[in-house]
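Survey of secondary and tertiary structure
Chain residues, written in single-letter form:
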Amino acid sequence: MSHARHLDITGDISAAELEAHLDGHSIETIGIADNKLLTDLAFLRCCGARLKQVAIRRCPTVESLTFLPELDALEVVDLDAVRVSAVDVGAMARISRLRSVFISYPSMEEEELNLTPLRAVAGLKLNVSGLPKRQIIGYR
């Protein structure tokens, strides 16, 4: 796996196990799906400064995305059926190289999803699906 650049992981694997397997590898793209054990994404720090794309799909126990701005090379965030809060949107707006955000069928704690902070991201491509327009602020 040391030469792998792209990795897709499906199933319940703990953050500690993921970190142990990813540590020292030059992963550029990672997809994590159907994991009910993860509560945050801090384990991704072990991927270093090469991680460009993160896709999190159907991971209902992920409570925070606030770690994402620490991933210096991150350009694409793809969230499908993941909890997204105003704090998470604010965190994504601080990702310096961010160019694409895909949010599909988010689970939300707030009544509305305010995407206004993401407007400051130059050249951002934003795709939101699965929510009535009245629940989305700052998106056309």
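A short tour of the structure in this document, coming up. (Residues numbered from 1 in each chain as written. Predicted model: local features only at pLDDT ≥ 70, side-chain atom pairs only at ≥ 80, totals over all residues. Heavy atoms only, no water.)

All right, on to the sheet that holds strand 1 (residues 6-10) then. Overall, parallel pairing links the six strands, which are arranged 1-2-3-4-5-7 in an open sheet. On the outer flanks of this sheet lie strand 1 and strand 7 (125-129), each paired with one strand and no other. The sheet shows a mean angle of 5 degrees between the axes of neighbouring strands, direction not considered. By the bridge criterion, five bridges tie strand 2 (residues 29-33) to strand 3 (residues 53-57) in an arrangement that is parallel. Paired with Ile32 across the bridge in strand 3 is Ile56. (Pairing = 2+ DSSP bridges. Helix = DSSP H or I, 4+ residues; strand = E, 2+ residues; numbered from the N terminus. Axes fitted to C-alpha atoms, helices over the stretch in contact; angles between N-to-C directions.)

This part covers the pairing of strand 4 (residues 76-80). Working note: regular strand, side chains alternate between the two faces of the sheet. Within strand 4, five of the five residues are buried, leaving the element largely enclosed by the surrounding structure. Neither face of strand 4 is left uncovered, since the one carrying Val76, Asp78 and Asp80 and the one carrying Val77 and Leu79 both have all their residues buried. Summarising the sheet, strand 3 and strand 4 pair through five bridges and their orientation is parallel. Across the sheet, residue Ile56 finds its bridge partner in strand 4, namely Leu79. Of the pairings in the sheet, the one linking strand 4 to strand 5 (residues 100-104) comprises five bridges and is parallel in character. Looking at the pairing, Asp78 lines up with Phe102 of strand 5. Each parallel crossover has a hand, and the one from strand 4 via helix 2 (residues 86-93) to strand 5 is right-handed. (Buried < 20%, exposed > 50% of the residue type's maximum accessible area, 1.4 Å probe, protein only. Right-handed = clockwise from strand over helix to strand, strands pointing away.)

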